[in-house]
Amino acid sequence: MLLEIDHLSVRYRTRRGTLTAVDDVSLSLARGETVGLVGESGCGKSSLGRALVRLIDSDDGAVRLDGVDIARLDARRLLPWRRRMQMVFQDPLSALDPRKTVRKTLSLPLELHRIGTRADRRQRIDALLEQVGLAAHLADRLPHELSGGQRQRANIARALSIDPDIVVCDEPVSALDVSLQAQVLNLLADLQGQRGMAYLFISHDLAAVGHLADRIAVMYLGQIVEIVPRDKLWRDAAHPYTRLLLESIPSRSVRLSSQSDAAAAELPSPYDLPQGCRFRQRCPHAMPVCAQSDPAQSVLSAGHTVHCHLYGNGAPVLAAGVESAAIVNA
Ligand code: SF4
């Protein structure tokens, strides 16, 4: 396995107290695979992405890249591993240095990692610009002289300039016009086909991720509650929260019992996480046991896991009168 995130936790110490952003998360990523990480704003998905590429430090757990735990390496020992992991940020304007031309921005990671001569770097950048669909003359422009779509292409080129094995894409199209979103998503898919890197694709948009990712990990209040292969997402998603996200996609005609009420329920505070299942205040299937204990992981089928008391040993364990989301959807 290319990457293994093993029981990773990230906590922020603030004046209000300790905020748990990522709580005991385990997830893997194979070479060339795309894993979608989905959840509402503030659920911890960006913190997980940033901890993975070591933009922030984690508190517990491991991040193994080709078997080596990079979560605790100091800056010097981390440098060669950094080359293998890059990030594409949501807002390309803030991700690019406003005082540097596109060429200079793309050149800096190559210089940092001592890749090629000056002439090699120039050639490499020209080829990269062509790959991401940016005309050569734009290399000498500053970020504010580019359109939003061009800036995000430059941002993607910056991330790919040192040939990473893993790219964390954090809401890479949500700041773009709808007309540009499909272009950038297609570009990311094409580049992956050409270069074979793995993507962790972070988004609040389950519909977009559902089309792009090989597997989808659903995150709620710092925890991954379900991992489901793409071909099982629409019909076999099992966790009530995943079903709620599917229900909230406008084009879906699926109606699920009383789940629309759940959308309006208040989220627990990440400063004071409740005992038991964190989704229970919003869950239409909540049972007494859900307040008592955190649900363990159940394996529903190959590659499909869920944390929910409705499921045990791979078969739905349904309380009387409770319909499985999968059954309702059948
Ligand atoms: Fe709902 Fe209970 Fe499952 Fe949590 S564990 S999602 S409250 S049924």
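What counts and what doesn't
Residues numbered from 1 in each chain as written. Predicted model: local features only at pLDDT ≥ 70, side-chain atom pairs only at ≥ 80, totals over all residues. Heavy atoms only, no water. Phe/Tyr/Trp six-rings, centres within 6.5 Å; stacked < 30°, edge-to-face > 60°. Helix = DSSP H or I, 4+ residues; strand = E, 2+ residues; numbered from the N terminus. Expected span 1.5 Å × (residues − 1). Buried < 20%, exposed > 50% of the residue type's maximum accessible area, 1.4 Å probe, protein only. Contact = heavy atoms within 4.5 Å. Salt bridge = Lys/Arg side-chain N within 4 Å of Asp/Glu carboxyl O. Pairing = 2+ DSSP bridges. Axes fitted to C-alpha atoms, helices over the stretch in contact; angles between N-to-C directions. Core = buried A, V, L, I, M, F, W, Y, C linked by side-chain atoms within 4.5 Å.

Peer 1: Provide a residue-level description of the packing of aromatic side chains, including the pertinent values.
Peer 2: Tallying each qualifying case throughout the model produces 3 aromatic pairs. Each member of the aromatic cluster is reached from another via a ring pair, and the members are Y220, Y241 and F279.

Peer 1: Help me get a handle on helix α6 (residues 148–160), residues and values and all.
Peer 2: Three or four residues apart is the spacing at which side chains of an α-helix point the same way, because the helix has 3.6 residues per turn. With 13 residues, α6 extends 19 Å from end C-alpha to end C-alpha; this agrees with the ideal 18 Å at 1.5 Å per step. Burial of α6 is extensive: 11 of the 13 residues sit out of reach of the surface. Within α6 the residues assigned to the buried category are G149, R151, Q152, R153, A154, N155, I156, A157, R158, A159 and L160. Contact partners of the buried residues in α6: β6 (85–88), α3 (92–95), α4 (102–112), α5 (118–131), β7 (166–170) and α7 (178–195).

Peer 1: Now, about the pattern of salt bridges: what can you tell me, with residues and values included?
Peer 2: The full count for this structure, using the stated rule, is 17 salt bridges. Between R64 and D6 there is a salt bridge, with its nearest N and O atoms 3.1 Å apart. With a gap of 58 residues between them, R64 in strand β4 (residues 60–65) and D6 in strand β1 (residues 3–14) connect regions that are remote in the sequence. Residue class for R64 comes out partly exposed when judged on its relative accessible area of 27%. As a salt-bridge pair, D57 and R54 come within 3.3 Å of each other at their nearest N and O atoms. Overlapping salt bridges bring together R31, D66, R84 and D165 as one network.

Peer 1: Can you tell me about the sheet that holds strand β11 (residues 297–301), naming the residues and giving the values?
Peer 2: Read from one edge to the other, the open sheet built from 8 strands follows the order β6-β7-β8-β3-β9-β10-β12-β11, with strand pairing classed as mixed. In this open sheet, the two strands that pair with only one neighbour each are β6 and β11. Across the sheet, the axes of successive neighbouring strands diverge by a mean angle of 20 degrees, strand direction being ignored. In this sheet, strand β9 (residues 215–220) lies alongside strand β3 (residues 34–38) in parallel orientation, the contact comprising 4 bridges. Each bridged residue has a counterpart across the sheet, and for L37 the counterpart in β9 is A217. Contacts from α7 reach β3, β7 and β8 (198–203) within the one sheet, and its direction differs from that of β8 by about 160 degrees.

Peer 1: Outline the nonpolar core, supporting the account with residue identities and numerical values.
Peer 2: Judged by nonpolar contacts, the single largest core of 60 residues is most densely connected at I156, L191, L206, I216 and Y241. Grouped together as the second largest cluster of nonpolar side chains are 36 residues, L8, L52, V63 and I202 included.

Peer 1: Summarise the sheet that holds β1; cite the residues concerned and give the values.
Peer 2: Two orientations exist for strands paired in a sheet by backbone hydrogen bonds: parallel and antiparallel. If you trace the 4 strands from one edge of the open sheet to the other, you get β2-β1-β4-β5, paired in antiparallel fashion. Two strands bound the open sheet, and with one partner strand each, they are β2 (17–29) and β5 (68–69). By the bridge criterion, 5 bridges tie β1 to β4 in an arrangement that is antiparallel. Within the sheet, the bridge partner assigned to E4 lies in β4 and is R64.

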